[in-house]
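Take a look at the letters that make up each chain.
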Amino acid sequence: MAEELDMTRIPKHIAIIMDGNGRWAAERGKPRSYGHQAGVDAVRRITSECTRLGVKYLTLYTFSTENWNRPMDEISALMGLVLSSLEDEIFMKNNVRFQVIGDIKRLPQNVQDKLWETMEHTAQNDTMTMVVALSYSARWEIIKAMKETFFEAWNNGPHDYQDLEDALNEENFSRHLETYFMPDPDLLIRTGGEVRVSNYLLWQIAYSELYFCDTYWPAFSEEDLHKAIISYQNRQRRYGKTEAQIENDNISKDE
């Protein structure tokens, strides 16, 4: 008998590396663009299911900084898909707020305009926030946040070494990350059979549970999502503590 989801322990934030579009298409004798289009359909399915389950944040790795090195025709097709997917009423139908992270200044102007329009249009939706990582890399984000944290401390003066050292702390740094508006992921899923995180949310996934599966993203189903969440629910998240400490913490909460 298949194990069932514990609806009281649904992860608050799920991040996904949507890998395998091109390989899924190649196995069917289709161009990579066909796989990317099927990947958009998978986004619709998984977004709807996440809202039904009560997930509060869903972050999708859509286009990395490294993806700018792909052939221009594929990049153009991907940008076209971004535009068409933002026309989807899935946001309003599921009461989903849309957000974007990444170096979006590198994107075509029409794509930038549509991103801002969708964010504004969905700003009052509050069932779930879907975050799309576009032109994103974690190393870019960390360097950007480091510079912003330093310049904020410097501008606030005085320029005493100790004052600067005190200001350059984890809390201030986190405020300058692209993801400042949401909690770190509880669960990171990667589809497509690769077992790496590919420069994605490196700071934020320090204590995330990782789940890798062979299923290509276009074929990733609601059942596959459930399997990932069940795997998450079967783990004990200790955050560096011992099992005894976790047990004592749970006892204290119950008292």
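Structure's up top.
Residues numbered from 1 in each chain as written. Predicted model: local features only at pLDDT ≥ 70, side-chain atom pairs only at ≥ 80, totals over all residues. Heavy atoms only, no water.

Asks: Even after reading the chapter, I still don't get the overall build of the chain, so can you show me in this structure?
Replies: Scanning the chain from N- to C-terminus turns up ten helices and six strands. Here the C-alpha radius of gyration of the chain, 20 Å, is about what a compact globule of 255 residues would show, namely 18 Å. Dimensions of the chain along its principal axes, counting C-alpha atoms only, are 60 × 50 × 35 Å. Counting only residues that meet the buried cut, the chain has 47% of its 255 residues in that class. (Helix = DSSP H or I, 4+ residues; strand = E, 2+ residues; numbered from the N terminus. Rg over C-alpha atoms; globule rule 2.2 N^0.38 Å. Buried < 20%, exposed > 50% of the residue type's maximum accessible area, 1.4 Å probe, protein only.)

Asks: Sorry if this is basic, but what is going on with the nonpolar core here?
Replies: What tends to happen in soluble globular proteins is that the nonpolar side chains get buried as a cluster. By size, the foremost hydrophobic cluster in this structure holds 45 residues, and its most contacted members are Ile 14, Ile 16, Phe 98, Leu 115, Met 130, Ile 189 and Leu 225. Ranked by size, the runner-up nonpolar core spans 14 residues in total, among them Tyr 61, Ile 101, Ala 133 and Tyr 200. (Core = buried A, V, L, I, M, F, W, Y, C linked by side-chain atoms within 4.5 Å.)

Asks: How do you make sense of a nonpolar patch on the surface when you look at a structure like this?
Replies: Residues Phe 150, Phe 151, Trp 154 and Leu 168 make up a contiguous nonpolar surface patch of about 370 Å² in total accessible area. Following the sequence through the fold, Leu 168 ends up in the loop between helix 7 (161-167) and helix 8 (170-175). Exposure remark for Leu 168: the relative accessible area of 43% places this residue in the partly exposed category. (Patch = residues over 30% accessible without salt bridge, like charges linked within 9 Å, V, L, I, M, F, W, Y side chains within 5 Å. Areas by Shrake-Rupley, 256 points an atom, 1.4 Å probe, with all protein chains shown as cover. Salt bridge = Lys/Arg side-chain N within 4 Å of Asp/Glu carboxyl O.)

Asks: When you look at helix 6 (residues 138-156) in this model, what are you seeing that I'm missing?
Replies: Because the α-helix completes a turn every 3.6 residues, residues three or four places apart line up on one side. For helix 6, with 19 residues, the first-to-last C-alpha span of 27 Å sits near the 27 Å given by 1.5 Å per residue. Taken as a whole, helix 6 has its buried residues at Ala 138, Glu 141, Ala 145, Thr 149 and Ala 153. The arc enclosing the buried residues of helix 6, seen along the axis, measures out at 90 degrees, which places them on a common side. Helix 6 presents Arg 139 and Asn 155 as exposed residues on the side facing more than 90 degrees away from its buried surface. (Expected span 1.5 Å × (residues − 1). Arc of directions from axis to C-beta.)

Asks: Just checking my understanding: could you explain helix 3 (residues 72-86) for this structure?
Replies: Under the 1.5 Å per step criterion, the end-to-end length of helix 3 is 21 Å for 15 residues, consistent within 8% with the ideal 21 Å. Considered for burial, the residues of helix 3 that qualify are Glu 74, Ile 75, Leu 78, Met 79, Leu 81, Val 82 and Leu 86. Down the axis of helix 3, the buried set is contained in an arc of 155 degrees. They therefore lie on one face. Turned more than 90 degrees from where helix 3 packs its buried face, Met 72 and Asp 73 sit exposed.

Asks: What am I meant to see in the packing of helix 3 against helix 5 (residues 109-121) here?
Replies: Interhelical geometry of helix 3 versus helix 5 gives an angle of 25 degrees and a closest axis separation of 10 Å. On the basis of the axis angle, helix 3 is roughly parallel to helix 5. Once helix 3 is placed against helix 5, the crossing between them reads as left-handed. Side by side, helix 3 and helix 5 meet where Met 79, Val 82, Leu 83 and Leu 86 of the first sit next to Asn 110, Val 111, Lys 114, Leu 115 and Thr 118 of the second. For the contact of helix 3 with helix 5, the residue count by class is six nonpolar, two polar and one charged. (Axes fitted to C-alpha atoms, helices over the stretch in contact; angles between N-to-C directions. Parallel < 35°, antiparallel > 145°, perpendicular 65-115°, else oblique. Left-handed = near helix turned anticlockwise from the far one by under 90°. Contact = heavy atoms within 4.5 Å. Nonpolar A, V, L, I, M, F, W, Y, C, P; charged D, E, K, R; others polar.)

Asks: Can you help me understand the pairing of strand 3 (residues 96-101) in this one?
Replies: Walk down a regular strand and you will see the side chains alternate between the two sheet faces. Strand 3 sits mainly inside the fold: five of its six residues count as buried. For strand 3 and strand 4 (residues 128-136), the ladder comprises six bridges, and the chain directions are parallel. Bridged to Arg 97 within strand 4 is Thr 129. (Pairing = 2+ DSSP bridges.)

Asks: Whenever I open this one, the sheet that holds strand 4 confuses me. Can you help?
Replies: What holds strands together in a sheet is hydrogen bonding between their backbones, with the strands either parallel or antiparallel. Taken in spatial order, the six strands of this open sheet run 3-4-2-1-5-6, and their pairing is parallel. Each edge of the open sheet is held by one strand with a lone partner, namely strand 3 and strand 6 (209-212). Along the sheet, successive strands turn relative to each other by an average axial angle of 20 degrees, direction set aside. Both strand 2 (residues 57-64) and strand 4 contribute to a ladder of seven bridges, which runs parallel. Across the sheet, residue Phe 63 finds its bridge partner in strand 4, namely Leu 134.

Asks: What is the right way to look at the pattern of salt bridges in this model?
Replies: Where charged atoms from two side chains of opposite charge come close, those side chains can pair. Using the criterion set out here, one finds 14 salt bridges in the structure. With its nearest N and O atoms 2.9 Å apart, the salt bridge here joins Glu 152 to Arg 175. Pair noted here: Glu 152 is in helix 6 and Arg 175 is in helix 8, with a separation of 23 residues, a long-range link. What makes Glu 152 partly exposed here is its relative accessible area of 26%. The residue Arg 196 makes a salt bridge to Glu 194 at a minimum N-O spacing of 3.2 Å. What makes Glu 194 partly exposed here is its relative accessible area of 26%. Salt bridges linked by common partners bring Asp 19, Arg 23, Arg 190, Glu 194 and Arg 196 together as one network.

Note that every value here comes from positions in space, so none of it alone points to a role or purpose.
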